[in-house]
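# Observations on the model geometry
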Number of protein chains: 2
Amino acid sequence: MARQGSVSAKPTPSLRIGEVARRTGLPVKTIRYYCDEGLLQPRARSESGYRLFDEENLAELTIIRSLRAMDVSIPELARILEVRRAGVCNCSVLKDSIAAKMESINLRIAELAAMKEELARLLGSWQDCGGLKPDR
Amino acid sequence: MARQGSVSAKPTPSLRIGEVARRTGLPVKTIRYYCDEGLLQPRARSESGYRLFDEENLAELTIIRSLRAMDVSIPELARILEVRRAGVCNCSVLKDSIAAKMESINLRIAELAAMKEELARLLGSWQDCGGLKPDR
DNA sequence: AAGAACCCTCTACCGGGTGGAAGCTTTCCC
DNA sequence: GGGAAAGCTTCCACCCGGTAGAGGGTTCTT
C-alpha cells in the first residue's frame, strides 16, 4: 500500500467543509449552521474565506452528532462544548445534563407506551363500526 | 336526576371560540390555527364574522387533541377528519394510520432505549476523567 | 353610554435545520 | 494556459405546529 502522500503529517490538516461533511456524515449546510450557532469554531479561514477545520473540530462534531441524536438542544450543546473547550473537566456539567436527558427519555418512553396502549384501545373500539357502513 | 336545564335542546348551540377553548382545554389561538389549516370547519360565521362552532366541532377537536398528542401530523389528521366528515366508515383509513403510528412508536421506543444505553455508557466512560483535571 | 371582555385578521417569531440563488475559488483535464 | 466543473461563500426563504402581539371591530355588563 502506498503511503498517503507526504513524508511527515502536517500538524494543521486544514480540512475544508466538504471533507468534514464526508468524514462526519453530516450535511455541509448543517455544519455551517452549527458554526453560525456558535457550536463549532473553525480553526481558521483561508485567504479566500473558506472555513478551515482541524481534528479537534471533528471530535467536537462527533460529540455534537451523538448528543443531538439524543435530543440535547443546541444551546445546551453550546454550553457543554464551551466548558469542554475551556479545558476544565466538564464531568459535572455533562453528568448533570446527561442525567436530565435520561430522565426525560424515561418520561418520553412512558408517554409513548401510554400512547401505544391508547392506540390499541382505539383500534379495538373502532373495530365494531365495521358492520355499520362499510365503505366498500 | 334533574334534566339538563331547558325544555328542548337547541339544535344549533353556536358556541363561540372562547367557549370551545374553555370546553376543550385548547388555546383559542390553536383552535383558530386548526381552522386555518382546514382541520376544523366552524359550522358558520356570525354576521360580525365570529366563528360559530357546534357539538360536532367539539367532537372533532377531541379527536384532534388525542391524535395530536400521539404525534399524528396535521395533514394526516386533515385526511382522517375529511373521511370522517364524508360520513363513510373510515375504519380502514384510521386503522392504517394508527397501525403506522404504532409502528413508528415502537421504533421510537427502541431508539430511545438505545439512547439510554448510550448515555449510560457515556456516563460511565466519563467517570474516569474525574482525576484528570477536577474543576474544583 | 362607557368599559370590559371577546373576537377578528395580519405579521412575525421559535428550533433545527434545508433548499436555492448568485457569485467567488480551486481543481481537473486537455 | 484556459475553460469547465466542483467546491465554497453569503443571504434569503421555507418547513412544522403553534404562539405572541398589534390594531381594530363586536358583544356583554353595569
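In the block above lies the structure referred to throughout.
Values in this document were obtained by computation on a predicted structure and should not be read as measured data. (Residues numbered from 1 in each chain as written. Chains lettered and ligands numbered in written order. Predicted model: local features only at pLDDT ≥ 70, side-chain atom pairs only at ≥ 80, totals over all residues. Heavy atoms only, no water.)

### Let's talk about helix H3 (residues 55-69) of chain B
- An ideal rise of 1.5 Å per residue puts 21 Å on 15 residues; H3 of chain B measures up with 21 Å between its terminal C-alpha atoms.
- Taken from the residues just after H3 of chain B, Asp71 of chain B is the one with a positive phi, measuring 70 degrees. (Helix = DSSP H or I, 4+ residues; strand = E, 2+ residues; numbered from the N terminus. Expected span 1.5 Å × (residues − 1).)

### Points about helix H1 (residues 17-24) of chain A
All names here are of chain A.
- Among the residues of H1, those classed as buried are Ile17, Val20, Ala21 and Thr24. The buried residues of H1 occupy one face: seen down the axis, they fall within an arc of 100 degrees.
- Here the buried face of H1 lies against helix H2 (28-36), strand S2 (51-52) and helix H3 (55-69).
- Positioned one or two residues after H1, Gly25 has a phi angle of 80 degrees, which is positive. (Buried < 20%, exposed > 50% of the residue type's maximum accessible area, 1.4 Å probe, protein only. Arc of directions from axis to C-beta. Contact = heavy atoms within 4.5 Å.)

### A word on the protein's contact with DNA strand D
- Taken together, 20 residues sit near DNA strand D, with Arg32, Tyr50 and Arg51 of chain A together with Lys29 and Thr30 of chain B positioned nearest.
- The contact atoms of DNA strand D, taken as those within 4 Å of the protein, divide so that sugar and phosphate hold 68%.
- Separating a phosphate oxygen of DNA strand D from a side-chain N or O atom of Arg32 of chain A is a distance of 3.0 Å.
- Note that a phosphate oxygen of DNA strand D is positioned 2.7 Å from one of the side-chain N or O atoms of Arg68 of chain B.
- Ranked by residue count, the leading element in the surface near DNA strand D is helix H2 (residues 28-36) of chain B, at 4 residues.
- Here the surface near DNA strand D is composed, by residue class, of 8 nonpolar, 5 polar and 7 charged. (Near = heavy atom within 4 Å. Polar contact = N/O pair within 3.5 Å; in protein donor to acceptor, adjacent residues only side chain to side chain. Nonpolar A, V, L, I, M, F, W, Y, C, P; charged D, E, K, R; others polar.)

### What about the side chain of Arg51 of chain B?
- Along the chain, Arg51 of chain B turns up in strand S2 (residues 51-52).
- Despite its burial, Arg51 of chain B pairs with no opposite charge; the closest candidate is Asp36 of chain B, at 4.1 Å N-O. (Lys, Arg positive; Asp, Glu negative; His and termini not counted. Salt bridge = Lys/Arg side-chain N within 4 Å of Asp/Glu carboxyl O.)

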